[in-house]
Amino acid sequence: MSPGDVADGGERSDGGERSDGGERSDGGERITVRFPGGSYPVLVGEGALDLGLEEAARALGGRTVFVITSPPVWALHGSRLAPALESAARVHRLEVVDGEAAKSIEVAGDLWRRMLAAGGKRDSVVVAFGGGSVGDLAGFVAGAFLRGVRYLQVPTTLLAQVDASVGGKTAVDLPEGKNSVGLFHQPVAVVADTRLLLTLSAGELRAGLVEVIKMAALLDLDLLAAVETRMQSLLAGDPEALAPVVAAAVRAKARVVEADPFEAGERRLLNFGHTLGHAIEAVTGYRALRHGEAVGWGMLFALRLARRRGMAADQAERIESLLRALSLPALPSLSVAELLAAIARDKKATEEAIPWVLPERLGRGTVVSDLSKAAVENELVLFLRDS
């Protein structure tokens, strides 16, 4: 297997049963993610917050704790987090705006100043309590504050639970590009309680399911089948249906993260749909679509490129049909020139080429760096016309 590929003979789950020896309890499932120098647990399921109290007590006990969250999340779920904070010496709630607007250098700088003013020390702990944007921001803030303090991830959206909270990638945006300033900083634990998903809108569930489909299509075909079978329950936000799907997605991502912790090889496959998706977000000022929705359109474009390179039509259609079933919101009016300029600034680009993650077949993806600008431009014109 080459650094850019994932073969389809690896370990899989069915979206409901453990495949990696993880532990299951009444509060959910415990999955261990290993990285150079350590490991951390991901607790998944209905009641994972209850299961995570012991981890929280160890991480937060006697420390100054900074909870980075947004007002809507705190209003909805703050009472559920409160028991996990009881062992802390001091708790400071630092609220930021909801959504992608929080991920800026200006917001990060404000948080660092507030943490210093509140007496933050090298042994202080940050709790990221919110969706993927809050998790990305809080992890970045924790990783840079006083050269790095520990942080705990408590994701409250489906997208954050299945993807953003696991793997230690943290970042903020620049107007010119998504996640352009960031670092790798691993959490001490991730607590993904699927009961918190009950309050999500249909749009948030849709955005998270895009990331599930992304991982399933390349890493876990049994999970892909589970999503196909349970789509209506998943879109309805049923926590009983979501819990095994979240756990299976986390296991799939954990396997890739452990093999490639710093995104030098096969972890790049997790960027399926992100090259165009990030460009769409950047040129629309991060306001027109949710991240997962933009990635969904990016996956549809990548599948067109994959078909041109020989991917079987029936296999591509299986992924496309799932994305279409999500009823992605329509694309806004987009300029091909602006999209191409944003793609050229993508953080994954090198001096030599812009890499594209394309499926070769279901269960196997590859990173392609030989697509010419002209070929991409021509396909992009057709894609925007047809979309």
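1. Considering unusual backbone geometry
Then comes step 1: Of note in this structure, Leu-146 is not a glycine but carries a positive phi near 50°.
Then comes step 2: Its identity as a non-glycine residue notwithstanding, Arg-147 has a phi of 65°, on the positive side.
Then comes step 3: With respect to the secondary-structure elements, Arg-147 resides in the loop between helix H5 (132-144) and strand S7 (150-155).

2. With respect to the pattern of salt bridges
Then comes step 1: By the definition in use, this model includes 31 salt bridges.
Then comes step 2: Where Arg-385 meets Asp-386, a salt bridge forms, and the shortest distance between an N and an O atom there is 3.0 Å.
Then comes step 3: On the basis of relative accessible area, Arg-385 is assigned to the exposed category, the value being 61%.
Then comes step 4: Each of Glu-100, Lys-103, Asp-136, Asp-173, Lys-178 and Glu-281 takes part in one network of salt bridges that share partners.

3. Here's the deal with the nonpolar core
Then comes step 1: In this structure, Val-42, Leu-158, Ile-213, Leu-276, Ile-280 and Ile-319 are the most contacted members of the largest nonpolar core, which totals 80 residues.
Then comes step 2: The element that contributes the greatest number of residues to this core is helix H9 (residues 239-259), accounting for 12 residues.
Then comes step 3: For Leu-158, the contacting residues outside a window of four places in its chain are Leu-197, Leu-200, Leu-205, Gly-208, Leu-209, Leu-242 and Val-246.

4. Regarding the packing of helix H11 (residues 291-308) against helix H12 (residues 313-325)
What describes two packed helices is the angle between their axes and the distance between those same axes.
Then comes step 1: Across the interface, H11 lies against H12 with an axial gap of 10 Å and an inter-helix angle of 170°. Relative to H12, the element H11 lies roughly antiparallel. The segment H11 lies against H12, with Gly-296, Trp-297, Met-299, Leu-300, Leu-303 and Arg-307 engaging Ala-313, Ala-316, Glu-317, Ile-319, Glu-320, Leu-323 and Arg-324.
Then comes step 2: Split into classes, the residues belonging to the contact of H11 with H12 amount to 8 nonpolar, 1 polar and 4 charged.

5. Looking at the side chain of Asp-163
Then comes step 1: In this structure, Asp-163 sits in helix H6 (residues 158-164).
Then comes step 2: On the basis of relative accessibility, which here comes to 9%, the residue Asp-163 falls in the buried class.
Then comes step 3: The residues contacting Asp-163, other than those within four sequence positions of it, are Glu-211, Lys-214, Met-215 and Lys-253.

Conventions adopted
- Residues numbered from 1 in each chain as written.
- Predicted model: local features only at pLDDT ≥ 70, side-chain atom pairs only at ≥ 80, totals over all residues.
- Heavy atoms only, no water.
- Helix = DSSP H or I, 4+ residues; strand = E, 2+ residues; numbered from the N terminus.
- Salt bridge = Lys/Arg side-chain N within 4 Å of Asp/Glu carboxyl O.
- Buried < 20%, exposed > 50% of the residue type's maximum accessible area, 1.4 Å probe, protein only.
- Core = buried A, V, L, I, M, F, W, Y, C linked by side-chain atoms within 4.5 Å.
- Contact = heavy atoms within 4.5 Å.
- Axes fitted to C-alpha atoms, helices over the stretch in contact; angles between N-to-C directions.
- Parallel < 35°, antiparallel > 145°, perpendicular 65-115°, else oblique.
- Nonpolar A, V, L, I, M, F, W, Y, C, P; charged D, E, K, R; others polar.

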